Amino acid sequence: AIRNTKQRKQLLELLCSTKSHPNAFWLFERMKGDNPSLSLSTVYRNLGILESQGLLLRLPCPNFDRYDGNTAMHTHFYCRECERLFDVDTQGLEKETLGSLKNSPHSPEGCNIMFYGLCEHCKKNNQEVTQ
C-alpha cells in the first residue's frame, strides 16, 4: 500500500488549485518554500504515484509533460507558440470517440484528446505582425 504523505497531499491540492496545467518544475518551485528539503525527483515520483492512483492526468506535451487535477474526461488545446494548455469544450467528443470503439476487441477506459495550433492570443499577435 502507498501511504498518503503530506507532500503528496499538498502537491495534489496545488495542482487542483490551478487551471494552468503546470509542469513538474512549476509545482516544485511553489512547494519548495514550505518544504526546503524537497527535490524535483520527489515531485516527479509523487506525480507518478498520484497518476497511478487516478488522482491526476499526465498530459504529454513538447518539452515537458503537463499535469491536470481535473480527472474528468475532457479535451485540451496546446498552443505551439506560448506553450499554454487550455481546457476546451468539445460537446462530448471524448464519449463519442470511446463509443466508436464498442465493436473493438479492446476495452477502452478513457481517452486523451489534444488539439494543437495557435491560441486566440498568439493568433491575434501573429495577424498584427503580418499586416
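Going by the structure above, here's the rest.
Within each chain, residue numbers correspond to sequence positions counted from 1 in written order. Two thresholds apply to this predicted model, a pLDDT of at least 70 for residue-level local features and 80 or more for giving and counting side-chain atom pairs, whereas whole-chain, interface and lining totals are computed over all residues. With hydrogens and water stripped out, all remaining heavy atoms of the structure feed into the side-chain values.

Draft legend 1. Representation of the packing of aromatic side chains. Aromatic pairs are defined between Phe, Tyr and Trp rings, using the six-membered ring for Trp, whenever the two ring centres lie within 6.5 Å; interplanar angles under 30 degrees are classed as stacked, those over 60 as edge-to-face, and all others as tilted. For the structure on display, the rule yields 1 aromatic pair. With centroids separated by 6.0 Å and ring planes inclined at 40°, the aromatic side chains of Phe 25 and Phe 28 adopt a geometry described as tilted. In this pair, Phe 25 and Phe 28 are both assigned in helix H2 (residues 24-31), 3 residues apart and thus about one turn of the helix distant. Accessibility expressed as a relative area gives 43% for Phe 25, which makes it partly exposed. Since its relative accessible area comes to 10%, Phe 28 is described here as buried. Each helix is a run of DSSP H or I of at least 4 residues and each strand a run of E of at least 2, with the numbering of both proceeding from the N terminus. Residue exposure (1.4 Å probe, protein chains only): buried if accessible area is under 20% of the type maximum, exposed if over 50%, otherwise partly exposed.

Draft legend 2. Fine view of the pattern of salt bridges. Any carboxyl oxygen of Asp or Glu that lies within 4 Å of a side-chain nitrogen of Lys or Arg is treated as forming a salt bridge with it. Taken as a whole and judged by the stated rule, the model has 3 salt bridges. Between Asp 65 and Arg 58 there is a salt bridge, with its nearest N and O atoms 3.1 Å apart. The exposure class of Asp 65 is partly exposed, given its relative accessible area of 30%.

Draft legend 3. Spotlight on the pairing of strand S3 (residues 75-79). Counting buried residues in S3 gives 5 out of 5 residues, a clear majority hidden from the surface. Bridging between S3 and strand S4 (residues 85-88) involves 4 bridges; their strand directions are antiparallel. In the sheet register, Thr 75 faces S4, and the bridge partner there is Val 88. Here a strand pair is declared whenever DSSP counts at least two bridges between the two strands. Once S3 ends, the chain turns through 5 residues before running back antiparallel as S4, passing Glu 83 with a positive phi of about 65°.

Draft legend 4. Spotlight on the sheet that holds strand S5 (residues 114-117). Ordered by their spatial adjacency, 3 strands build an open sheet running S4-S3-S5, and the pairing between neighbours is mixed. This sheet does not close on itself; its edge strands, each paired only once, are S4 and S5. Each adjacent strand pair in this sheet contributes to an overall mean axis angle of 25°, direction not counted. Inspection of the sheet shows S3 paired to S5 by 4 bridges, in the parallel sense. Residue Tyr 78 lies in a different strand from S5, and its bridge partner there is Tyr 116. Note on geometry: axes are C-alpha line fits, over the in-contact stretch for helices, and angles between N-to-C directions span 0 to 180 degrees.

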